[in-house]
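# Chains, contacts and geometry: an overview
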Amino acid sequence: MKTFYIVLICVLYAVTHTNANMDKVLATLKLCNEKFPVAPEEFAKFLYDKHAEDHFKCHVKCIMEMQETFKDGEFKDDIFLKHIMEVPFIKNHTEEIQTVINECKKLSNTDDCDTAFNIAVCILDNSPALSEATLEHFL
């Protein structure tokens, strides 16, 4: 989970994978950070003890909403899968990613920020292909 935010940003970039859409990704990140600021120290704390404050979770939810993969308290797995399968280095892992999505989409909470955050972490923690391929591609 140490690479969570790096992978999340890389996945957002990979999903949009054009320069025109990169502007949208950066605008999304800027908007979400304005609404739910996450200081570098908070991120470092999250990496160390795997605890996230509410605004960190809402920051993740904000990103997912802007990418249209989370709406009205529900993970839009079909939209997520459609986007992620457009990424060339992910296409060979459709079955693995579909299995992970099917498990993670079941997570829910009374708080939408918790739900979105838990789903995002679940997908990244349980999909080695997604995490490894993304890191190999971008780092």
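Up top you'll find the structure we're talking about.
This write-up is about the structure you can find in this document. These figures come from a predicted structure and were not determined experimentally.

Analysis parameters
- Residues numbered from 1 in each chain as written.
- Predicted model: local features only at pLDDT ≥ 70, side-chain atom pairs only at ≥ 80, totals over all residues.
- Heavy atoms only, no water.
- Helix = DSSP H or I, 4+ residues; strand = E, 2+ residues; numbered from the N terminus.
- Buried < 20%, exposed > 50% of the residue type's maximum accessible area, 1.4 Å probe, protein only.
- Disulfide = S-S within 2.5 Å.

### Section: unusual backbone geometry
Of note, the phi angle at Glu68 is positive, near 65°, even though the residue is not glycine. Within the secondary structure layout, Glu68 lies in the loop between helix H4 (54–66) and strand E1 (70–71). Here Glu68 falls in the exposed class, since its relative accessible area comes to 52%. At Asp72, a residue that is not glycine, the phi angle is positive and equals roughly 50°. Position of Asp72 among the secondary structure elements: in the loop between E1 and strand E2 (74–75). Using a relative accessible area of 66% as the deciding quantity, one classes Asp72 as exposed.

### Description of the state of the cysteines
Taken as a whole, this structure holds 3 disulfides when the rule is applied. One disulfide bridge connects Cys32 with Cys62, the sulfur atoms lying 2.1 Å from each other. Its S-S torsion of approximately -80° makes the covalent link between Cys32 and Cys62 left-handed. Remark: Cys62 occurs in helix H4 and Cys32 occurs in helix H2 (residues 19–35); sequence separation between them is 30 residues. Grouping residues by exposure puts Cys32 and Cys62 together as buried. The disulfide partner of Cys58 is Cys113, and the gap between their sulfur atoms is 2.0 Å. Taking the torsion about the S-S bond as the criterion, the Cys58 to Cys113 disulfide, at about 100°, is right-handed. Taken as a pair, Cys58 in helix H4 and Cys113 in helix H7 (residues 112–126) lie far apart in primary sequence, 55 residues in all. Sequential numbering of the bridged cysteines in the protein gives the disulfide pattern 1-3, 2-5, 4-6.

So yeah, pure geometry; function would need other evidence.
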